[in-house]
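Structural features, examined
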Amino acid sequence: MNGPVPRQGVLSIDAYVPGKSTAPAGVKVWKLSSNETPLGPSPKAKAAYIEAGNKLELYPEGSSTALRTAIAARYGLDPARMICGAGSDELLSLLAYAYLGPGHEAVYSEHGFLVYKIATMAAGGTPVTAPETDHTADVDALLAKVTARTKLVFLANPNNPTGTYLPFDEVKRLHAGLRPDILLVLDAAYAEYVRANDYESGLELVATSANVVMCRTFSKIYGLANLRLGWMVGPPAVIDALNRIRGPFNVSGPAMAAGIAAIQDEAHVMAAVAHNDKWLAWLTQELTALGLTVTPSVGNFLMVGFSTEPGKTAREADAFLTGRGLVLRRIDAYGLPNALRLTVGPEEANRLVVTVLKEFLNV
Ligand SMILES: Cc1ncc(COP(=O)(O)O)c(C=O)c1O
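In this report, we go over the structure that sits alongside the text. (Residues numbered from 1 in each chain as written. Predicted model: local features only at pLDDT ≥ 70, side-chain atom pairs only at ≥ 80, totals over all residues. Heavy atoms only, no water.)

Among the residues making up helix α8 (residues 236-245), those that are buried are Val238, Ile239, Ala241 and Leu242. Seen from one end, α8 has its buried residues packed into an arc of 160 degrees, which puts them on one side. Structural note: α8 exposes Ala237 and Arg244 on the side pointing more than 90 degrees away from its buried face. Where α8 is buried, its residues meet β2 (82-85), α3 (87-99), β6 (183-187), β7 (212-217) and β8 (230-233). (Buried < 20%, exposed > 50% of the residue type's maximum accessible area, 1.4 Å probe, protein only. Helix = DSSP H or I, 4+ residues; strand = E, 2+ residues; numbered from the N terminus. Arc of directions from axis to C-beta. Contact = heavy atoms within 4.5 Å.)

So, in structure tokens, the structure goes:
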């Protein structure tokens, strides 16, 4: 007799492969593959997490009320229009489960964040990608892919792995081109890092429309990736739908406690922004000077393009870097086999990346 078989489509999904974190024995490892912060979390968040560890036998409060209240206070939001999740990944999946099914389409850009494809297929929907221009989401191309079957449009802004972003005017133009029954999901996982004047994370669009949500995460600038914590703000009807299908205790107490302390430690966030500003610019300049193609980024990572000439490829560069303890991210799964993604690290790692790539390229 045959064993249990998953629903149609599940086995067509390519499982997400996280950034690797190992290098040969004996060398110091610098993990620059997952866009984690070199500053770590706020010490206040760590203390709150440890304190919460005294009550591990108790179930957490089920709707993240205290955390939603703290985030709402920081951004001037209504906590009733928010939901928290085990990472923004969970929220993206919940959106897909709530709004997609067989025959429905989700549109996103060619090199958009991989979870959109996984979540869409897991929900039984069909992923539809739109071409990008200069590795940047293209509003006209996205709108051209919208059909009567479209239910969701995902936009990572800034996008991972490209690091590029759409200015607010363009996001508004995208929204204006969507039917009111299509939900626009603005995934602003790297919003806190962005310094461009024409950028808006989504707060304003969410406040003024009934079919836009914005997802944020504590994994990136807040340095709490290991705790799995994200949040979303959106119209009451969308929040209501997600609350009906989420796990009853989807966020742990220690994660909530750490998140509350993290969101209140503005100085720590500012320090992370200052570090990123300095080293993102420095890495862009130095890697470009080596002859590499660096896509301008507003996040805490860079997409670095390599030559296809044997001996100089991204694959070979990755092996060379890994041998020296520098673990970057291969992005073949994004259809970008000639590039690597590099997270802005601590000063020592950033300098070492440039030194080692100089050696690799022999320049
Ligand atoms: C664009 C984007 N969205 C969402 C996430 C998910 O973050 P998390 O589930 O850790 O909150 C990531 C993490 O890599 C990301 O790059």
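There's plenty left to go through after this.
With that out of the way, let us pick up the sheet that holds β2. The strand order across the open sheet built from 7 strands is β2-β8-β7-β6-β5-β3-β4, with neighbouring strands paired in mixed fashion. What marks the edges here is a single partner per strand, and that holds for β2 and β4 (126-130). Neighbour-to-neighbour, the strand axes of this sheet turn through a mean angle of 20 degrees, independent of strand direction. Sheet strands touched by α3: β2, β5 (150-156), β6, β7 and β8. Its angle to β7, the strand with the most contacts, is close to 155 degrees. (Pairing = 2+ DSSP bridges. Axes fitted to C-alpha atoms, helices over the stretch in contact; angles between N-to-C directions.)

Moving on, we get to the environment of threonine 308. If you trace the backbone, threonine 308 turns up in the loop between β10 (301-305) and α11 (314-323). Ignoring any residue separated from it by four or fewer positions in sequence, one finds threonine 308 in contact with Thr313 and Asn338.

The next subject is the sheet that holds strand β9 (residues 293-295). The strand order across the open sheet built from 4 strands is β9-β10-β13-β12, with neighbouring strands paired in antiparallel fashion. On the outer flanks of this sheet lie β9 and β12 (329-330), each paired with one strand and no other.

Attention now goes to the site of the ligand. In the region of the ligand, 13 residues are neighbours, and Ser88, Asp187, Tyr190, Thr217 and Ser219 sit closest. Contacts to the ligand include serine 88, whose backbone N or O atom sits 2.6 Å from an oxygen atom. Aspartate 187 places a side-chain nitrogen or oxygen 2.6 Å from a nitrogen atom of the ligand. Here the ligand has 400 Å² of accessible area as a free molecule, and 94% of this is covered by the chains. (Near = heavy atom within 4 Å. Polar contact = N/O pair within 3.5 Å; in protein donor to acceptor, adjacent residues only side chain to side chain. Areas by Shrake-Rupley, 256 points an atom, 1.4 Å probe, with all protein chains shown as cover.)

Bringing the packing of helix α1 (residues 43-52) against helix α9 (residues 253-264) into the picture now. Axis separation between α1 and α9 bottoms out at 7 Å; the angle between their running directions is 155 degrees. In terms of their interaxial angle, α1 and α9 are classed as roughly antiparallel. Between α1 and α9 lies a crossing of right-handed hand. Of the residues in α9, those touching α1 at Lys44, Ala45, Ala48, Tyr49 and Ala52 are Gly253, Pro254, Ala257, Ala258, Ala261 and Ala262. Its residues placed into classes, the contact of α1 with α9 shows 9 nonpolar, 1 polar and 1 charged. (Parallel < 35°, antiparallel > 145°, perpendicular 65-115°, else oblique. Left-handed = near helix turned anticlockwise from the far one by under 90°. Nonpolar A, V, L, I, M, F, W, Y, C, P; charged D, E, K, R; others polar.)

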